Amino acid sequence: MSLVIFVVFGCVAVGCALAMVFARNPVYGAIALIVCLAALAGEYLLLDAPLLAAFQILVYAGAIMVLYLFVIMLLNVRREEGCRWCTDWRTYLGFVLAGLIGLSFLFKASNVAHPAPPVGFHVYDVTGVAYTMFTDPTLLFIIEALGVLLLMSVVGAIYLGRRFSAEEELLMKHDQPAGSSGTGAAGDAPCGETTP
Amino acid sequence: MIQTIHVLWLSTILFVIGTAGVLIRRNAIVMLMSVELMLNAVNLALIGFSRQFRDVTGQVYVIFIMTVAAAEVAIGLALFVAVFRHKRTLDTQKIDLLRW
């Protein structure tokens, strides 16, 4: 029974991931990715990780994807690409490389002996996860490093999003090509063409 | 009964879809979303192994990966906003200042 639910959630996740990759409008892609992440939260519940399922909904679907949607709507990017099925060599190279990666993974996974998971239902709650997290010295060090990383990312994001000074604005106007004004500038360029 | 190999299959499929998205798409935001999908595929594999070996350390590492993903998204989207103010596009083919 749990396998059936697993497969259903997995099909939802894979379908929404495909919809995200092939959506023309980035807003639809972001919404498909939200559904995919929610389906993955269901998978986490099935795999005895309810805390991570809650984190997945709160952090990924709640915070990160809202940030994505905010930026997409702030920048007003829609139909950025000129074609849906770009038929230049890069696309085929991408498909071939992705297929090779998947084949190698499947080959490795089918070659090792995979023992059955232990029977019984053992759910790690907040206490279990937190005990391991805050008693192992290596993990404690990683937590410290992640705190520094978050601080640096906040500082960097604020620095990157600041108002530009007058001379910086002038430099940008000088650097900007004359024809590309407005938001949908990349919309009508043909596919295989690269701007010189 | 869910076997660990099923979890690994699903993780592989999602990872490959994310890889294809990074390699195929040209919109920088969609490429970053594909990277998020790859991170989630790795999270799924970690949780599967955590269940297989009855070791909660895998779940702790998933929390770390989520933290790194949040930081990455904050910096990446700030970079995209800055690039967009500069270039008025997010097409990676048109952001070619450092192109050889």
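Residues numbered from 1 in each chain as written. Chains lettered and ligands numbered in written order. Predicted model: local features only at pLDDT ≥ 70, side-chain atom pairs only at ≥ 80, totals over all residues. Heavy atoms only, no water.

Student: I'm lost on the overall build of chain B in this one. Help?
Tutor: Along its length, chain B carries three helices and zero strands. Traced from its N-terminal end to its C-terminal end, chain B shows the element sequence α-α-α. For chain B, the C-alpha radius of gyration of 17 Å lies well beyond 13 Å, the compact-globule estimate for 100 residues. Each of the three principal axes of chain B carries a C-alpha extent, and together these read 50 × 25 × 20 Å. (Helix = DSSP H or I, 4+ residues; strand = E, 2+ residues; numbered from the N terminus. Rg over C-alpha atoms; globule rule 2.2 N^0.38 Å.)

Student: So what exactly am I meant to see when it comes to the environment of valine 30 of chain B here?
Tutor: Note on placement: valine 30 of chain B falls in helix H2 (residues 28-53). It is 9.9 Å that separates the C-alpha atoms of valine 30 of chain B and leucine 90 of chain B, two residues lying 60 residues apart in sequence.

Student: Before we go on, may I ask you to explain unusual backbone geometry in this structure?
Tutor: Outside of glycine, negative phi angles account for most residues, and trans bonds account for most peptide bonds. Positioned with a positive phi, aspartate 48 of chain A is a non-glycine residue whose angle comes to about 65°. Position of aspartate 48 of chain A relative to the elements: it lies in the loop between helix H2 (26-46) and helix H3 (50-75). Backbone geometry places arginine 88 of chain B, a non-glycine residue, at a positive phi of 65°. For arginine 88 of chain B, the location among the structural elements is in the segment after helix H3 (57-87).

Student: Any chance you could explain the pattern of salt bridges here in plain terms?
Tutor: Pairs may arise between side chains of opposite charge once their charged atoms sit close together. Tallied over the full model, the rule gives one salt bridge over all chains. Close ionic contact of aspartate 48 of chain A with arginine 51 of chain B constitutes a salt bridge, the shortest N to O distance being 4.0 Å. With aspartate 48 of chain A in the loop between H2 and H3 and arginine 51 of chain B in helix H2, this pair bridges two chains. Take aspartate 48 of chain A: its relative accessible area is 5%, and that puts it in the buried class. (Salt bridge = Lys/Arg side-chain N within 4 Å of Asp/Glu carboxyl O. Buried < 20%, exposed > 50% of the residue type's maximum accessible area, 1.4 Å probe, protein only.)

Student: Would you take a moment to explain the packing of aromatic side chains for this structure?
Tutor: Each pair of aromatic rings is reported with the distance of its centres and the angle of its planes. Under the criterion given, the structure shown has three aromatic pairs over all chains. Here phenylalanine 49 of chain B and phenylalanine 53 of chain B contribute two aromatic rings whose centre-to-centre distance is 6.2 Å and whose plane-to-plane angle is 15°, an arrangement assigned as stacked. In this pair, phenylalanine 49 of chain B and phenylalanine 53 of chain B are both assigned in helix H2, four residues apart and thus about one turn of the helix distant. By relative accessible area, which is 35% here, phenylalanine 49 of chain B ends up partly exposed. For phenylalanine 53 of chain B, a relative accessible area of 58% corresponds to the exposed category. Above the ring of tyrosine 159 of chain A, the side-chain terminus of arginine 162 of chain A is found at 4.4 Å from the ring centroid. (Phe/Tyr/Trp six-rings, centres within 6.5 Å; stacked < 30°, edge-to-face > 60°. Lys NZ or Arg CZ within 6 Å of the ring centre and 35° of its normal.)

Student: Could you clarify how one ought to interpret the nonpolar core in this entry?
Tutor: Grouped burial of nonpolar side chains is what soluble globular proteins tend to show. Within the largest apolar cluster, 65 residues are counted, with the highest numbers of intra-cluster contacts made by Tyr68 of chain A together with Ile29 and Met33 of chain B. Within the residue set of this core, elements represented by two or more residues are helix H1 (2-22), H2, H3, helix H5 (126-135) and helix H6 (137-160) of chain A together with helix H1 (4-24), H2 and H3 of chain B. Leaving out residues up to four positions away in the same chain, tyrosine 68 of chain A has contacts with Ile29, Leu32, Met33, Glu36, Val73 and Leu77 of chain B. (Core = buried A, V, L, I, M, F, W, Y, C linked by side-chain atoms within 4.5 Å. Contact = heavy atoms within 4.5 Å.)

Student: How do you make sense of the confidence of the model for chain B when you look at a structure like this?
Tutor: For any part of a model where pLDDT is low, the fine detail of the predicted coordinates should not be relied upon. In this model, chain B carries a mean pLDDT of 89, and residues with pLDDT of at least 70 account for 99%. Scoring the predicted complex yields pTM 0.84 and, for the interface, ipTM 0.92. (pLDDT = per-residue confidence, 0-100.)

Student: It is not clear to me how the interface of chain B and chain A should be interpreted in this structure. Could you clarify?
Tutor: The extent of an interface is frequently quoted as the accessible surface area lost upon association of the parts. Contacts between chain B and chain A engage 75 residues on the former and 92 residues on the latter. At the boundary of chain B with chain A, total buried surface from both sides reaches about 7,800 Å², with 73% on carbon and sulfur atoms. Ranking the residues of chain B by area buried against chain A places Met33, Arg54 and Met66 of chain B at the top, with a combined share of 9%. Connecting chain B to chain A are one salt bridge. Taken together, chain B and chain A are joined by six residue pairs in polar contact (both at pLDDT 80 or more). Mapped by element, the contributors of at least two residues to the side of chain B that touches chain A are H1, H2 and H3 of chain B. (Buried area = accessible area lost by both parts, 1.4 Å probe. Polar contact = N/O pair within 3.5 Å; in protein donor to acceptor, adjacent residues only side chain to side chain.)

Student: What exactly am I supposed to notice about the packing of H2 of chain A against H2 of chain B here?
Tutor: When two helices pack together, you describe them by how their axes are tilted relative to each other and by the distance separating the axes. It is the contact of H2 of chain A with H2 of chain B, at a shortest axis distance of 11 Å, that shows an interaxial angle of 5°. In terms of orientation, H2 of chain A and H2 of chain B fall into the roughly parallel class. Contacts between H2 of chain A and H2 of chain B pair Pro26, Gly29, Ala30, Leu33, Cys36, Leu37, Leu40, Glu43 and Tyr44 of chain A from the former with Val30, Met33, Glu36, Leu37, Asn40, Asn43, Leu44 and Ile47 of chain B from the latter. (Axes fitted to C-alpha atoms, helices over the stretch in contact; angles between N-to-C directions. Parallel < 35°, antiparallel > 145°, perpendicular 65-115°, else oblique.)

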